[in-house]
Every structure is written in structure tokens, then in C-alpha cells.
Amino acid sequence: MQRFRAFTLIEIALSIFILLLLLVLAVPSLSGVIANRRLKQSLDGFNQLVRQAQERSVTERRPYLLAWGKNSILLRPEVFAEDEEGKPTAVFPLGKGMSVKLLLPAALSGKYPAEWIFWPSGNCEPAVVQFNGPAGTWTANYSALTAQPELTRYATR
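Residue numbering note: each chain is counted from 1, following its sequence as written. Only residues with pLDDT of 70 or above have their local features reported here, since the model is predicted, and side-chain atom pairs are shown and tallied only from 80 upward, although totals for entire chains, interfaces and linings are computed over all residues. Here the side-chain values reflect all heavy atoms present in the structure, with hydrogen atoms and water set aside.

### So, the confidence of the model for the protein
Line of reasoning, step 1. On average, the protein scores 91 in pLDDT, and the residues at 70 or more come to 99%.
Line of reasoning, step 2. The score called pLDDT rates the predictor's confidence residue by residue, from a low of 0 to a high of 100. Here a strand is any run of E in DSSP of at least two residues, a helix any run of H or I of at least four, and the numbering for each starts at the N terminus. Mean pLDDT values for the elements of the protein range from 90 in helix α1 (residues 9-60) up to 97 in strand β7 (residues 136-142).

### A word on α1
Line of reasoning, step 1. Taking 1.5 Å per residue, 52 residues should reach 76 Å; α1 reaches 75 Å between its end C-alpha atoms and fits that length.
Line of reasoning, step 2. Of all the bends in α1, the greatest reaches close to 25° and is centred on alanine 26; the proline proline 28 follows between one and four positions later.
Line of reasoning, step 3. When accessible area is computed with a 1.4 Å probe and restricted to protein chains, residues below 20% of their type maximum are described as buried, those above 50% as exposed, and intermediate ones as partly exposed. Along α1, the positions that sit buried rather than exposed are Ala35, Leu39, Ser42, Leu43, Phe46, Asn47, Leu49, Val50, Ala53, Gln54 and Ser57.
Line of reasoning, step 4. Immediately downstream of α1, the backbone of arginine 61 shows phi near 55°, a positive value. Expected helix span is computed as 1.5 Å times (number of residues minus one). The term bend refers to the angle at a residue between two fitted axes, each drawn through seven residues, those ending there and those starting there.

### Examining the sheet that holds strand β2 (residues 72-77)
Strand-to-strand pairing in sheets goes through backbone hydrogen bonds, with the strands running parallel or antiparallel.
Line of reasoning, step 1. The four strands are arranged β3-β2-β1-β5 in an open sheet whose pairing can be described as antiparallel. Each edge of the open sheet carries a strand with a single partner, namely β3 (90-93) and β5 (115-118). The mean inter-strand angle of the sheet, taken between neighbouring strand axes irrespective of direction, is 15°.
Line of reasoning, step 2. By the bridge criterion, four bridges tie β2 to β3 in an arrangement that is antiparallel. Within β3, the position partnered with serine 72 by the bridge is proline 93. By definition, two strands form a pair when at least two bridges between them are found by DSSP. Interaxial angles span 0 to 180 degrees and are taken between N-to-C directions of axes, which are lines fitted to C-alpha atoms, for helices over the stretch in contact.

### Looking at the packing of aromatic side chains
Both the distance between ring centres and the angle between the ring planes are used here to describe each pair of aromatic rings.
Line of reasoning, step 1. Here a pair means two rings of Phe, Tyr or Trp (six-membered ring of Trp) with centres within 6.5 Å. Their orientation is stacked below 30 degrees between planes, edge-to-face above 60, and tilted elsewhere. Considering all chains together, one arrives at seven aromatic pairs under this definition.
Line of reasoning, step 2. Relative to phenylalanine 92, the ring of phenylalanine 46 lies with its centre 5.8 Å away and its plane at 80°, an arrangement referred to as edge-to-face. Within this pair, whereas phenylalanine 46 is found in helix α1, its partner phenylalanine 92 is found in strand β3, the two being separated by 46 residues in sequence.
Line of reasoning, step 3. Among the residues examined, phenylalanine 46 registers a relative accessible area of 0% and is labelled buried.
Line of reasoning, step 4. A relative accessible area of 9% means that phenylalanine 92 is categorised as buried.
Line of reasoning, step 5. Here tryptophan 116 and phenylalanine 118 contribute two aromatic rings whose centre-to-centre distance is 4.8 Å and whose plane-to-plane angle is 50°, an arrangement assigned as tilted. With respect to burial, tryptophan 116 and phenylalanine 118 carry one shared label: buried.
Line of reasoning, step 6. One aromatic cluster is present, built from ring pairs that chain together Phe46, Trp68, Phe92, Trp116, Phe118, Phe131, Trp138 and Tyr142.

### Focus: unusual backbone geometry
Line of reasoning, step 1. Its identity as a non-glycine residue notwithstanding, arginine 61 has a phi of 55°, on the positive side.
Line of reasoning, step 2. In this structure, arginine 61 sits in the loop between α1 and β1 (64-68).
Line of reasoning, step 3. Given a relative accessible area of 70%, arginine 61 falls into the exposed group.
Line of reasoning, step 4. If you check the backbone angles, alanine 147 has positive phi at about 60° while not being a glycine.
Line of reasoning, step 5. Tracing the backbone shows alanine 147 in the loop between β7 and β8 (149-156).

### Comments concerning the pairing of β8
Line of reasoning, step 1. Summarising the sheet, β7 and β8 pair through seven bridges and their orientation is antiparallel. Residue pairing in the sheet places asparagine 141 in a bridge with glutamate 150 of β8.
Line of reasoning, step 2. Counted along the chain from β7 to the antiparallel partner β8, the turn is six residues long, and its residue alanine 147 has a positive phi close to 60°.

As C-alpha cells, this is what we get:
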């Protein structure tokens, strides 16, 4: 008489339970990775806009502004030339639930327009930018000489 060796119902149920437990533990860490990637994309996108403002101001030898709008941040010259179309050079869109706050610590008055200027020398006004979105928050201090960010806060949700 030949005997077949097979898994019992208890062994199969136990292995399925262990797999489900591992899956339940992996899902929160996976959502954290996705949130971190989205938050990093927002920081990288904003830093790209800052680099573009600085590069354009130097190469075109005229001031450029990052101007805060209701649903976006616009890159545009401070003054448009006569033959130039009055459209922004670049746009950083703000999605649902996103906000970006501009703080100008060197501003002479407490109330200032939501505009950050980049001069033809490559310098800019020192600024603190605070981002808040569904993926998390970040705060960066931008140097007046280099426009390079120093990340002071970065937290995913």
C-alpha cells in the first residue's frame, strides 16, 4: 500500500494566515514610500522653478519674479518688453489640498506682495518657503546669494 504525503488543511490555513499578516504589515510602509515620493516631487519641482528663475535673470540680464497665484506659482519677468507676450515663462501648479506660503524675512514692511524677485546678478531676496499638501510638509530657507535651499522641515503623512 502506497501512502501519499500532502499538506493538511491546518497547514494550508496557517500559511495563508502568515501571508495575509505580512501583507497587512507591508501596506502601510508602501503608502509611506508613495507619500515620500510625492513630497519629494513637489520639492524638486519647486526647486527647478527657483533654478529656472535664477538662470533666466542672469542670462537675460533682467529681474524675474516668482509670483504666487490662487492655484499656481508663476515665473515671469518683472516687466514685460513691448514686443513680448505677457504670459508666464513657467508654472508650478498647486493641486487639490496643496498650499505654498512665502515668507520674506528681510522685507521692510510686514505686508508685502506674494512675489519673490531674482536680480540679474543671480542674487535673490532671502526667502522661506513652506509647502503643505496631502503627502506631507516641507520648509526650505533659500539663500540670498545662491538661491540654494536649506531644508529645515520635511515630514510625510
